[in-house]
Amino acid sequence: MEKIKKTLSITLFWAILLSILFVVGIPMIVVFAGKNWVLMALGIVFVVFGFYGMPMVWVYYGTLRANKRALELVLNENIYSVQELSEQLGVRPSDMLATVRKLINKGYLTGYLLIDNNFLKLNEKVKQEKSKIVGVCASCGAKSVIEGNAFVCPYCGGLVRDMSNKE
């Protein structure tokens, strides 16, 4: 999930930058026409990159957002059927299948196999990440991250309770 979030952040940065360059480039052409040919040329470059690049980057950003939602459905809501994913997102099953393949190929969805182009299955041959849970120590009250099966406080050695199971 972190990989797609990082890609989304970078894409959003470039989309906003190209949008700003496009808007700034137009007045640069007008203001510096005949006065400073270097700044006028720079304005033309800004407008060209903004005009052609900005829509492509924004469309790519939108596609990434949709792919992130599909990834969230698989990882957080445990929906493994391509048909169910397509129903949840309101897209055709063939488009959803292409999206799932893209998520796997780009490394956003790891540890899963696509079986018969219909459903995802956890790949037992891939080493799974250890679960991390925030817990609170019963003795000293310190909050710490519980990794794997270690329920011992790193500060006092007391028993750490899982905070996600609050009653």
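Residues numbered from 1 in each chain as written. Predicted model: local features only at pLDDT ≥ 70, side-chain atom pairs only at ≥ 80, totals over all residues. Heavy atoms only, no water.

Give a detailed account of helix α2 (residues 37-75), specifying residues and quantitative values.
End to end, α2 covers 54 Å across 39 residues, agreeing with the expected 57 Å (1.5 Å per residue, within 8%). At Gly53, α2 is bent by approximately 35 degrees, the largest bend along its length, and proline Pro55 sits one to four residues beyond. Among the residues of α2, the N-terminal cap falls to Asn36, whose side-chain oxygen and the backbone nitrogen of Val38 are separated by 3.2 Å. (Helix = DSSP H or I, 4+ residues; strand = E, 2+ residues; numbered from the N terminus. Expected span 1.5 Å × (residues − 1). Bend = angle between axes of the 7 residues up to and from the residue. Polar contact = N/O pair within 3.5 Å; in protein donor to acceptor, adjacent residues only side chain to side chain.)

Account for helix α3 (residues 82-89), naming residues and giving values.
What α3 keeps buried is the set Val82, Leu85 and Ser86. Viewed along the axis of α3, the buried residues span an arc of 100 degrees, placing them on a single side of the element. Away from the buried face of α3 by more than 90 degrees, exposed residues Glu87 and Gln88 are located. Those residues of α3 that are buried lie in contact with α2, α4 (93-105), β1 (112-115) and β2 (119-122). For α3, the N-terminal cap is Ser81; the gap from its side-chain oxygen to the backbone nitrogen of Gln83 is 3.2 Å. With its phi angle positive at about 70 degrees, Gly90 sits one or two positions after the end of α3. (Buried < 20%, exposed > 50% of the residue type's maximum accessible area, 1.4 Å probe, protein only. Arc of directions from axis to C-beta. Contact = heavy atoms within 4.5 Å.)

Describe in detail unusual backbone geometry, supporting the description with residues and values.
A positive phi angle, close to 55 degrees, is found at Asn78, a residue other than glycine. As for its position among the elements, Asn78 is in the loop between α2 and α3. In this structure Asn78 comes out as partly exposed when scored by relative accessible area, which is 48%. Even without being a glycine, Asn117 presents a positive backbone phi close to 55 degrees. Using a relative accessible area of 35% as the deciding quantity, one classes Asn117 as partly exposed.

I'd like to hear about the side chain of Ser81, residue by residue, with values.
Inspection of the secondary structure assignment puts Ser81 in the loop between α2 and α3. Looking at Ser81, the relative accessible area reads 17%, which means it is buried. Reaching out from Ser81, the side chain makes a polar contact with the backbone nitrogen of Gln83 at a distance of 3.2 Å. Excluding residues that lie within four positions of it along the chain, Ser81 makes contacts with Asn118 and Phe119.

Tell me about the nonpolar core, and please be specific about residues and values.
With 19 residues, the main nonpolar core has Leu85, Leu103 and Leu109 as its most contacted residues. Residue contributions to this core peak at six residues, all from α2. Beyond its immediate chain neighbours, meaning those up to four positions away, Leu109 contacts Leu71, Val74, Leu75, Leu103, Ile104 and Leu120. (Core = buried A, V, L, I, M, F, W, Y, C linked by side-chain atoms within 4.5 Å.)

Provide a residue-level description of the packing of aromatic side chains, including the pertinent values.
The tally for this structure, following the rule as stated, stands at five aromatic pairs. Between Trp58 and Tyr61, the aromatic rings sit 5.9 Å apart at their centres with planes inclined by 90 degrees, giving edge-to-face as the arrangement. Separated by three residues within a single helix, Trp58 and Tyr61 lie in helix α2, roughly one turn from each other. Trp58 gets classed as partly exposed once you look at its relative accessible area, which sits at 34%. Judged by its relative accessible area of 15%, Tyr61 is buried. With a centroid separation of 5.8 Å and 35 degrees between ring planes, the pair formed by Tyr80 and Tyr112 is classed as tilted. (Phe/Tyr/Trp six-rings, centres within 6.5 Å; stacked < 30°, edge-to-face > 60°.)

Can you tell me about the pattern of salt bridges, naming the residues and giving the values?
For the structure shown, the criterion picks out five salt bridges. When the shortest N-O distance is used, the salt bridge between Glu2 and Lys5 registers 4.0 Å. You can see Glu2 and its partner Lys5 sitting in helix α1 (residues 2-32), three residues apart, about one turn around the helix. You can call Glu2 exposed: its relative accessible area is 58%. Note on Lys5: relative accessible area 38%, which makes it partly exposed. (Salt bridge = Lys/Arg side-chain N within 4 Å of Asp/Glu carboxyl O.)

Interpretation in functional terms is not warranted from these geometric data alone.
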